[in-house]
Amino acid sequence: MNKVLVIGASGFLGQAIVKKFQKEGISVGALSRSPIFFDNKLVTQYAADILDSEEIESIISKHDIIINCTGQISNPIHQCLIQNTDGIQNIVNAVKKYNKKLIHFSSVFVYGSSEYVDENSNLNPETVYGSIKYFSEYIINQELNDSLILRVSNLYGKNQDKGIMNYISSQYLLDNKDIFFNNNGEMLRYYLDVSDLASIVFRLIKIENFSGLFNIIGPCKLTIKELILKFENILNYKFKVEFQNIESLDNIRIVDDNKIKSKLNYNFMNNVDSFIGKQKK
């Protein structure tokens, strides 16, 4: 198999992808600013910042496939902006110079709100994060001809330290019934387990000359209100929920993922119900 480098390997998605390679017995490079310890000889760790163009170029030159997991939602948002502009440009420059393959994670948030979207739909991001991910795609598309861009839906899974799933789970485990949302609870999202996404990516890199733009969404589509109700029913727990009378952004009724399904048959091994059930005290 080609030499694979995972950039952002200490993050939620990056760790899942590296661990998938470990499980399959495949060597992989793991790059991050603050590397964690992967207890496996199959993993070669690199400590570097994607804003350091020379060091990133040197590391990328040693690998064939570059999987970029950086640029996810971060606080402050300024860090996310820098990673998706200067950082992406450094990665793209190195990939182009050494003729490597880039797999980049974007977000369905680039579409904004819509009744229906597919990969040919116009982009109309409504949030800062969606706009930043749109710009990172633009940089890649301007300079690379055979990259693979994956627009993914909301991720969740074990060891997640941010996001709505983590928020509700943490409040439950702390026996804190009070939860607050800065919208009206009608925010609609597709939920995708991070280990399922890692498995899909592992299969994709084994397909020769596979490139393009693809939506990858989870099997569970829920509003916040519906998600809370699932938590309450499965855990036999009642939250005290406060919403703000603000319309939710980036609501998409239908995200079409037939394009990726036409190229790769896969079954989801996880769902929201089983995740919630595992939280039960």
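Since the structure is predicted, the reported quantities are computational estimates derived from the model, not experimental observations.

What counts and how
- Residues numbered from 1 in each chain as written.
- Predicted model: local features only at pLDDT ≥ 70, side-chain atom pairs only at ≥ 80, totals over all residues.
- Heavy atoms only, no water.
- Helix = DSSP H or I, 4+ residues; strand = E, 2+ residues; numbered from the N terminus.
- Rg over C-alpha atoms; globule rule 2.2 N^0.38 Å.
- Buried < 20%, exposed > 50% of the residue type's maximum accessible area, 1.4 Å probe, protein only.
- Areas by Shrake-Rupley, 256 points an atom, 1.4 Å probe, with all protein chains shown as cover.
- Lys, Arg positive; Asp, Glu negative; His and termini not counted.
- Charge placed at Lys NZ, Arg CZ, Asp CG, Glu CD.
- Pairing = 2+ DSSP bridges.
- Axes fitted to C-alpha atoms, helices over the stretch in contact; angles between N-to-C directions.
- Contact = heavy atoms within 4.5 Å.
- Right-handed = clockwise from strand over helix to strand, strands pointing away.
- Salt bridge = Lys/Arg side-chain N within 4 Å of Asp/Glu carboxyl O.

Enquirer: Would you mind going over the overall build of the protein chain in detail, with residue names and values included?
Expert: Within the protein chain one finds 9 helices and 14 strands. Relative to a compact globule of 281 residues, whose C-alpha radius of gyration would be 19 Å, the protein chain shows 19 Å and is just as compact. Each principal axis of the C-alpha atoms in the protein chain carries an extent, and together these give about 55 × 45 × 40 Å. Counting the 281 residues in the protein chain, one finds 51% classified as buried. Put simply, the protein chain shows about 13,700 Å² of open surface, and 46% of that area lies on carbon and sulfur atoms. Mean positive and mean negative side-chain charge positions of the protein chain (31 and 31 charges, respectively) differ by 6 Å.

Enquirer: Break down the sheet that holds strand β11 (residues 212–216) for me, with residues and values.
Expert: Read across the open sheet, the 7 strands follow the order β3-β2-β1-β4-β5-β7-β11; overall the sheet is parallel. Edge positions in the sheet fall to β3 (43–47) and β11, since each of these pairs with one other strand and no more. Between one strand axis and the next, the sheet turns by 20° as a mean value, whatever way the strands run. Bridge count between strand β1 (residues 4–7) and strand β2 (residues 28–32): 3 bridges; the pairing is parallel. From the neighbouring strand, I7 faces β2, where its bridge partner is L31. Against the sheet, helix α3 (residues 77–97) touches β1, β4 (65–68) and β5 (101–107), its axis set at about 160° to β5. Running over the sheet, helix α4 (residues 128–143) touches β5, β7 (148–152) and β11 and is turned about 160° from β5.

Enquirer: Tell me about the pairing of β1, and name the residues and values.
Expert: The two faces of β1 match: V4 and V6 on one face and L5 and I7 on the other face are all buried. As judged from the 4 bridges shared by β1 and β4, these two strands associate in the parallel manner. Bridging across to β4, L5 finds its partner in I66. The parallel pair β1 and β2 is bridged by helix α1 (residues 12–23), and the resulting crossover is right-handed.

Enquirer: Please give an account of the pattern of salt bridges that cites residues and values.
Expert: In total, this model carries 7 salt bridges according to the counting rule given. Notably, a salt bridge pairs E137 with R151, separated by 2.7 Å at the nearest N-O pair. With E137 in helix α4 and R151 in strand β7, this pair connects stretches of sequence that are 14 residues apart. What makes E137 buried here is its relative accessible area of 3%. The buried category is assigned to R151, whose relative accessible area is 3%. A salt bridge links K261 to D257; the nearest nitrogen and oxygen atoms lie 3.4 Å apart. Judged by its relative accessible area of 8%, D257 falls in the buried class.

Enquirer: An account of the sheet that holds strand β10 (residues 188–193) is requested, with residue identities and associated values reported.
Expert: Within a sheet, each strand pairs with its neighbour through backbone hydrogen bonds, oriented either parallel or antiparallel. The strand order β8-β10-β12 describes an open sheet built from 3 strands, whose pairing is mixed. Because the sheet does not close on itself, it has two edges, and the strands there are β8 (154–156) and β12 (220–223). Ignoring which end each strand starts from, the neighbouring axes of this sheet average 40° apart. By the bridge criterion, 4 bridges tie β10 to β12 in an arrangement that is antiparallel. Within the sheet, the bridge partner assigned to Y191 lies in β12 and is C220. Relative to the sheet, helix α6 (residues 194–204) contacts β8 and β10, its axis offset from that of β10 by approximately 65°. Contacts between helix α7 (residues 224–235) and the sheet are confined to β10 and β12, with β12 contributing the most and set at about 105° to the helix.

Enquirer: Residue-level account of the pairing of β5, with values.
Expert: Side chains on a regular strand alternate between the two faces of the sheet. For β5, the buried fraction is high: 7 of the 7 residues fall into the buried class. Of the two faces of β5, the one lined by K101, I103, F105 and S107 and the one lined by L102, H104 and S106 are each fully buried.

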